[in-house]
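Descriptive analysis of the structure
If you want the building blocks of each chain, they are given just below.
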Amino acid sequence: MQLIPCPWCGPREEAEFHYGGQAHVAYPEDPSALTDEEWAQYVFFRENPSGPFAERWSHSAGCRRWFNAVRDTRTHDLLAVYRAGEPMPEVTS
């Protein structure tokens with residue numbers, strides 16, 4: 001079982017959390033002005049790097065707050081955890 005450090009509650013088992021996708025993806029300013037192709041790009045297409053990747057997580061079985069984590073996609077190691085709205089910390093893999 002992997003422990004995920006919630007910024008508010010501390011380390012908890014991963015079963016208490018839900019994955020929320022790629023972090024730092026801005027919602028379009030005027031979604032109704034987008035073409036179908038542009039909307040599909042926003043909804044369905046995300047980065048898929050090998051290495052550090054910023055993700056959104058929700059502590060659904062605890063404080064129910066959203067936060068961001070940088071996870072190495074090769075090893076699944078969490079490299080950094082930070083609150084939503086904070087800038088992504090510098091990490092080395």
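Residues numbered from 1 in each chain as written. Predicted model: local features only at pLDDT ≥ 70, side-chain atom pairs only at ≥ 80, totals over all residues. Heavy atoms only, no water.

**A short note on the packing of aromatic side chains**
For the structure shown, the criterion picks out five aromatic pairs. Each ring, one from Trp39 and one from Tyr42, has its centre 5.4 Å from the other, and the planes form 40°; the classification is tilted. Taken together, the residues span about one helical turn, with Trp39 and Tyr42 both in helix H1 (residues 36-44) at a distance of three residues. Using a relative accessible area of 32% as the deciding quantity, one classes Trp39 as partly exposed. An aromatic cluster is present here, built from Tyr27, Trp39 and Tyr42 joined pairwise through their rings. Directly above the aromatic system of Tyr42 lies the positively charged group of Arg46, at a separation of 5.3 Å from the ring centroid. (Phe/Tyr/Trp six-rings, centres within 6.5 Å; stacked < 30°, edge-to-face > 60°. Helix = DSSP H or I, 4+ residues; strand = E, 2+ residues; numbered from the N terminus. Buried < 20%, exposed > 50% of the residue type's maximum accessible area, 1.4 Å probe, protein only. Lys NZ or Arg CZ within 6 Å of the ring centre and 35° of its normal.)

**What about a nonpolar patch on the surface?**
Residues Tyr27, Trp39, Val43, Phe44 and Phe45 make up a contiguous nonpolar surface patch of about 570 Å² in total accessible area. Relative to the assigned elements, Phe45 resides in the loop between H1 and strand S4 (52-58). (Patch = residues over 30% accessible without salt bridge, like charges linked within 9 Å, V, L, I, M, F, W, Y side chains within 5 Å. Areas by Shrake-Rupley, 256 points an atom, 1.4 Å probe, with all protein chains shown as cover. Salt bridge = Lys/Arg side-chain N within 4 Å of Asp/Glu carboxyl O.)

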